[in-house]
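# Geometric and topological summary
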2 protein chains.
Amino acid sequence: MICKNNFKPHLSLAHDYWQKVVERNDIVVDATCGNGHDTLFLAQLAYEGKVHSIDIQKEALSLAKEKIASEQNTADVHFYNQCHSVFPKKIEPGSVKLIVYNLGYLPGGDKSITTMLNSTLESLNSALSLLRPDGLISVTCYPGHDEGLREESAIMEFIKNLSPKKWHCHYHTWPNRPRHPSLLIITPL
Amino acid sequence: MICKNNFKPHLSLAHDYWQKVVERNDIVVDATCGNGHDTLFLAQLAYEGKVHSIDIQKEALSLAKEKIASEQNTADVHFYNQCHSVFPKKIEPGSVKLIVYNLGYLPGGDKSITTMLNSTLESLNSALSLLRPDGLISVTCYPGHDEGLREESAIMEFIKNLSPKKWHCHYHTWPNRPRHPSLLIITPL
């Protein structure tokens with residue numbers, strides 16, 4: 001991926017990965033729906049498929065629902081107002097082509113951050129079993145804030161312990177931009 | 001780049017970058033010729049262009065020359081038996097499309113390693129001014145040996161100080177494969 005004059009290389013690279021892997025009738029999971037920006041992009045890629053979109057914040061999901069409702073030719077989108085640590089049972093193991101995490105900044109005190117860290121790790125661990133053999137997990141980390149830096153470190157510790165015989169993990173960083181967002185890609189072998 | 005069942009992802013990714021950037025009549029530099037494997041690949045990509053190939057080891061260059069001589073439809077290849085810290089004057093600033101470093105393992109005592117480290121950093125610094133505005137530098141590091149690990153760390157320190165307004169640096173690692181080779185890509189902005 002050769003990025004020129006692009007100040008958000010992590011975003012365009014993530015989109016490239018998603019576009020390469022998702023086909024029109026695929027099942028896709030957006031584990032961090034937020035305002036629905038990624039969910040919409042994914043629903044357009046898998047326009048005859050299904051997108052499961054999860055967020056613990058009710059207000060964010062409402063905005064995302066509105067965003068999707070105003071678009072045509074999109075996937076069947078299911079929204080879940082819950083923590084992403086445990087995936088909805090409707091999502092069958094081995095069925096998902098792409099699982100997206102866009103971790104972002106999480107306001108709150110130490111206790112809630114720790115909970116968030118644990119739930120992200122728990123979620124990533126569950127995500128592995130949801131993937132199809134040709135599937136992909138995309139994790140964008142934001143170490144620009146201390147909380148995001150801790151989250152990225154914890155994820156990297158988790159990743160280091162994944163068997164290299166079972167999982168291919170490719171980590172992208174932009175080292176002359178201090179604490180720039182990073183992109184982690186996980187695929188089954 | 002989605003690699004499946006590929007145990008040398010750094011090599012195939014580097015080749016992908018080279019293939020994307022090099023056109024048939026380009027000027028290319030192989031700063032670490034070694035046995036000429038990369039020089040041949042590059043001479044085939046820039047088959048109507050020029051490849052400048054450098055190595056401090058005379059024996060390695062002899063093998064590389066033989067390898068190139070036995071092939072048809074390759075670039076005009078110039079070999080230089082010298083340290084890569086200072087590039088031959090024949091290579092004009094702003095003229096080169098691709099500069100490749102494949103650092104590998106360097107045998108020898110502490111003193112020679114330190115010299116090697118310094119010459120690599122000096123070389124990288126010079127390489128920046130040789131690049132065309134649409135050019136690319138590709139550096140493969142081998143932290144599997146202690147010497148390679150030190151070299152990689154020194155390069156990353158150098159890279160962190162490159163202005164993000166002038167240079168786009170994209171670092172690729174495979175974090176669940178301990179001390180796996182890494183790939184650094186540098187492009188002008």
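Residues numbered from 1 in each chain as written. Chains lettered and ligands numbered in written order. Predicted model: local features only at pLDDT ≥ 70, side-chain atom pairs only at ≥ 80, totals over all residues. Heavy atoms only, no water.

Facing 36 residues of chain B, the contacting portion of chain A comprises 37 residues. Between chain B and chain A, roughly 2900 Å² of surface is buried when both sides are summed, and carbon and sulfur atoms account for 53% of that area. There are 0 salt bridges connecting chain B and chain A. Our count for the contact surface shared by chain B and chain A stands at 10 residue pairs in polar contact (both at pLDDT 80 or more). A per-element tally of the side of chain B that touches chain A places strand E6 (residues 167–173) of chain B first, with 7 residues. (Contact = heavy atoms within 4.5 Å. Buried area = accessible area lost by both parts, 1.4 Å probe. Salt bridge = Lys/Arg side-chain N within 4 Å of Asp/Glu carboxyl O. Polar contact = N/O pair within 3.5 Å; in protein donor to acceptor, adjacent residues only side chain to side chain. Helix = DSSP H or I, 4+ residues; strand = E, 2+ residues; numbered from the N terminus.)

Turning our attention to the relation of the copies chain B and chain A. With an axial shift of 0.0 Å and an RMSD of 0.0 Å, the rotation relating chain B to chain A amounts to 180°. The transformation just described matches what one would write down for a two-fold rotation axis. For chain B, the residue whose C-alpha comes nearest the rotation axis is His172(B), separated from it by 2.5 Å. A high fraction, 100%, of the interface residues of chain B reappear at the interface in chain A, so the copies pair face to face through one surface. (Least-squares fit on C-alpha atoms with pLDDT ≥ 70 in both.)

What the rule picks out here adds up to 14 salt bridges over all chains. Between Asp26(A) and Lys97(A) there is a salt bridge, with the nearest N and O atoms lying 2.9 Å from each other. Here Lys97(A) lies in strand E4 (residues 96–102) and Asp26(A) lies in the loop between helix H1 (9–21) and strand E1 (27–30), a separation of 71 residues in the sequence. Relative accessible area serves as the criterion here: at 4%, Asp26(A) is assigned to the buried category. The partner of Glu157(B) in a salt bridge is Lys160(B), with the nearest N and O atoms 3.5 Å apart. With Glu157(B) and Lys160(B) both in helix H5 (residues 146–160) and 3 residues apart, the pair spans about one turn of that helix. For Glu157(B), a relative accessible area of 46% gives the class partly exposed. (Buried < 20%, exposed > 50% of the residue type's maximum accessible area, 1.4 Å probe, protein only.)

Attention now goes to the environment of Asn125(A). Secondary-structure assignment places Asn125(A) in helix H4 (residues 110–130). Residues Asn125(A) and His170(A) lie 45 residues apart in sequence; the distance between their C-alpha atoms is 17 Å.

Inspection of every chain in the model, using the stated rule, returns 0 disulfides over all chains. The cysteine Cys83(A) is free of any disulfide, with Cys33(A) supplying the nearest cysteine sulfur at 14 Å. The exposure class of Cys83(A) is partly exposed, given its relative accessible area of 27%. Of all cysteine sulfurs in the structure, the one in Cys169(B) sits closest to Cys141(B), which takes part in no disulfide; the separation is 12 Å. Given a relative accessible area of 2%, Cys141(B) falls into the buried group. (Disulfide = S-S within 2.5 Å.)

Once that is clear, we can look at H1(A). An ideal rise of 1.5 Å per residue puts 18 Å on 13 residues; H1(A) measures up with 19 Å between its terminal C-alpha atoms. Inspection of H1(A) places Pro9(A), His10(A), Leu13(A), Ala14(A), His15(A), Tyr17(A), Trp18(A) and Val21(A) among the buried residues, and these make up the whole buried set. Those residues of H1(A) hidden inside the fold are in contact with helix H2 (37–45), E4, strand E5 (131–141), strand E6 (167–173) and strand E7 (182–188) of chain A together with E6 of chain B. (Expected span 1.5 Å × (residues − 1).)

Another point: the pairing of strand E2 (residues 50–55) of chain A. Residue and element names in this part refer to chain A. Judged by how many residues are buried, E2 sits mostly within the fold: 5 of 6 residues are covered. Handedness of the crossover joining E1 and E2 through H2: right-handed. Taken together, the 6 bridges between E2 and strand E3 (residues 76–81) define a ladder with parallel strand orientation. Looking across to E3, one finds that Asp55 is bridged to Asn81. (Right-handed = clockwise from strand over helix to strand, strands pointing away. Pairing = 2+ DSSP bridges.)

Working note: non-glycine residues mostly have negative phi, and peptide bonds are mostly trans. Its identity is not glycine, yet Asn73(A) carries a phi of approximately 55°, on the positive side. With respect to the helices, strands and loops of the structure, Asn73(A) is situated in the loop between helix H3 (58–69) and E3. For Asn73(A), a relative accessible area of 66% corresponds to the exposed category. In the Ramachandran plot, Arg179(B) falls in the positive-phi region, its phi being about 55° despite a non-glycine side chain. On the basis of relative accessible area, Arg179(B) is assigned to the partly exposed category, the value being 38%.

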